[in-house]
Amino acid sequence: MPRSSSLIARVAGAAAGVVLAAATALVAALPAQAASLTQVTGFGSNPGNLAMYAYRPDGLPAGAPAVVLLHGCVQNASTYVANSGWQKYADQWKFTLIAPQQPSGNNANSCFNWFETGDTARGQGEALSIKQMVDYAKTTYGTDGARVYVSGLSAGGAMSAAMLAAYPDVFAGGSIIAGIPYRCATSTVTAFSCMNPGVDKTPAQWGDLVRGAYPGYTGRRPRVAIWHGTGDTTVATANAAESRDQWTNVLGVSTTPTSTSTLPAGTGLEVYGSDQVRLYRVSGMGHGTPVDPGAGADQCGTAGAYFLDTICSTYRDAVFFGLGGGGASPSPAPTATASPTPTASPTASPAPTGAPVCVTASNYAHVVAGRAYQSGGYAYALGSGQRMGLYNTFYTSTLKQTGPAYWVIGC
């Protein structure tokens, strides 16, 4: 497939939704550590001609989870790992980061080719190269194959959707940031209209595109988080709702949220089904990955162009994936259901010196706030892993914060 045509260059150059600017200005200084982002070669046949980078924290245990991170255009693996905040939680909660990198030889602006069918189909092109990186991590690092996740921004967000569609047997969950529904575009020509103003399809039509990526698949489908700024004029905000329609249909849940809540920075959270799909709308935010620099348990990242100082999306996604609770893998369909409105505010501040924070709320509200995680229909305190009871709005627990991202039952 030709990859250096002027049309590809024009798509990448004209659209910051697929083109994210000035990676060299974004790399932040990190504390000195023994672990570092390292290039890996020989991970497979690599039909998509991608580079593989991996970050493995010191003290990584056997059977640790992994997160695949897909950068935006005119970015690279190190830029995205450094600025998104994922390294902080990989160090803290001990999981591997796998960071594919797109060379300019594939795309003039180093965008993942989310609009090329040969790169988004199962067993082909860039999608297969990324899958081979996961296979390498499982074989070489001992990564737990049941706890592999994917997240990406813009072109990387659209490619994240492609990986969830083409490889539902590989990924347990994913995050689509300022992205586009799977198979909205099938060429460089249609990429423009998908980005803005967006393409309207019924949930069933969107769902059929995902189901068609792996015909006959009847196994478990990954959970999906969708992030979009309400001020994004590059990748139209309509794409958030269309992505919501796609993944709720695939997972067999209603497009009416089972709950809504408000998070920091005016972020609205809509939860669908039994927490299989989340849609975060960040008020007034433009095109980029939401970050929130700081030392708090729920703060992360470095602000800059296309890393926007609002809320730490990485923290929310890591908790949603079950990475912050002793490695438990959250169930995609808990046996208990949540009532429409949480019983407490889903935010809590880190404990100030000498004054532990105690919060009493429903188990559902604790999970949404990131004080707990859910697995198999039950809630567990973040950090301690103590079982709190059923994951719903009717069971209430009191949690005390005894350290960063560490909560215990009682006060």
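The rules behind each value
Residues numbered from 1 in each chain as written. Predicted model: local features only at pLDDT ≥ 70, side-chain atom pairs only at ≥ 80, totals over all residues. Heavy atoms only, no water. Phe/Tyr/Trp six-rings, centres within 6.5 Å; stacked < 30°, edge-to-face > 60°. Lys NZ or Arg CZ within 6 Å of the ring centre and 35° of its normal. Buried < 20%, exposed > 50% of the residue type's maximum accessible area, 1.4 Å probe, protein only. Helix = DSSP H or I, 4+ residues; strand = E, 2+ residues; numbered from the N terminus. Pairing = 2+ DSSP bridges. Right-handed = clockwise from strand over helix to strand, strands pointing away. Axes fitted to C-alpha atoms, helices over the stretch in contact; angles between N-to-C directions. Contact = heavy atoms within 4.5 Å. Core = buried A, V, L, I, M, F, W, Y, C linked by side-chain atoms within 4.5 Å. Salt bridge = Lys/Arg side-chain N within 4 Å of Asp/Glu carboxyl O. Disulfide = S-S within 2.5 Å.

Draft legend 1. Structural context of the packing of aromatic side chains. Taken as a whole and judged by the stated rule, the model has 12 aromatic pairs. Taking the centre distance of 5.8 Å and the plane angle of 90° together, the rings of Tyr136 and Tyr141 count as edge-to-face. Cluster of aromatic residues (ring-pair linked, three or more members): Trp86, Phe95, Tyr149, Phe320 and Phe321. Positioned over the ring face of Tyr214 is Arg122, at 3.8 Å from the centre of the ring.

Draft legend 2. Main features of the pairing of strand β6 (residues 173-177). β6 sits mainly inside the fold: 5 of its 5 residues count as buried. Of the two faces of β6, the one lined by Gly173, Ser175 and Ile177 and the one lined by Gly174 and Ile176 are each fully buried. Bridge analysis of strand β5 (residues 148-153) against β6 gives 5 bridges, and the strand direction is parallel. Bridge assignment links Tyr149 to a residue of β6, and that residue is Gly173. Remark: the β5/helix α6 (residues 155-166)/β6 crossover connection has right-handed handedness. Pairing geometry for β6 and strand β7 (residues 223-229), over 5 bridges, is parallel.

Draft legend 3. Region of the structure containing the sheet that holds β7. Reading across the sheet, the 10 strands line up as β1-β2-β4-β3-β5-β6-β7-β10-β9-β8 and stay open at both edges, with mixed pairing between neighbours. Strands with a single pairing partner mark the edges of an open sheet, and in this sheet they are β1 (38-40) and β8 (259-263). When strand polarity is set aside, the average angle formed by the axes of neighbouring strands in this sheet is 20°. Here α6 sits on the sheet and contacts β3 (66-70), β5, β6 and β7; the angle it forms with β5, its principal contact strand, is near 150°. Against the sheet, helix α9 (residues 238-251) makes contact with β6, β7, β9 (267-272) and β10 (277-282), and its axis sits at roughly 170° relative to β10, the strand it touches most.

Draft legend 4. How the structure looks around the environment of Ala137. Tracing the backbone through its elements, the reader meets Ala137 in helix α5 (residues 125-141). Sequence separation of Ala137 and Leu97 is 40 residues, and the distance between their C-alpha atoms is 9.7 Å. Once residues within four sequence positions are removed from consideration, Ala137 is found in contact with Ile98, Gly142 and Thr143.

Draft legend 5. Just the pairing of strand β15 (residues 378-381), in detail. Pairing of β15 with strand β16 (residues 387-390) involves 3 bridges; the strand directions are antiparallel. Along β16, the bridge assignment pairs Ala379 with Gly389. Between β15 and β16, which pair antiparallel one after the other, the connecting turn spans 5 residues, and Gly383 there sits at a positive phi close to 95°.

Draft legend 6. Expanded view of the nonpolar core. With 55 residues, the main nonpolar core has Val67, Trp86, Trp93, Phe95, Leu97 and Leu323 as its most contacted residues. In terms of nonpolar packing, the next biggest core, distinct from the first, is built from 43 residues, Ala66, Ala166, Ala240 and Val277 among them.

Draft legend 7. A look at the pattern of salt bridges. If you walk through the whole model with that rule in mind, you get 10 salt bridges. A salt bridge links Arg147 to Asp144, with the shortest nitrogen-to-oxygen separation between them at 2.9 Å. For Asp144, a relative accessible area of 24% gives the class partly exposed. One salt bridge in this structure joins Arg278 and Asp275, with 2.9 Å as the shortest N-O distance. Residues Arg278 and Asp275 agree in their burial class; the two are buried.

Draft legend 8. Here's a closer look at the state of the cysteines. Evaluated as defined, the whole model comprises 3 disulfides. The disulfide bridge from Cys300 ends at Cys312, spanning 2.0 Å between sulfur atoms. Residues Cys300 and Cys312 share a disulfide whose torsion about the S-S bond is about 105°; that sign makes it right-handed. With Cys300 in the loop between β11 (289-291) and β12 (307-309) and Cys312 in the loop between β12 and α10 (313-320), the pair connects residues that are 12 residues apart, well separated along the chain. Accessibility classification places Cys300 together with Cys312 in one group, the buried group.

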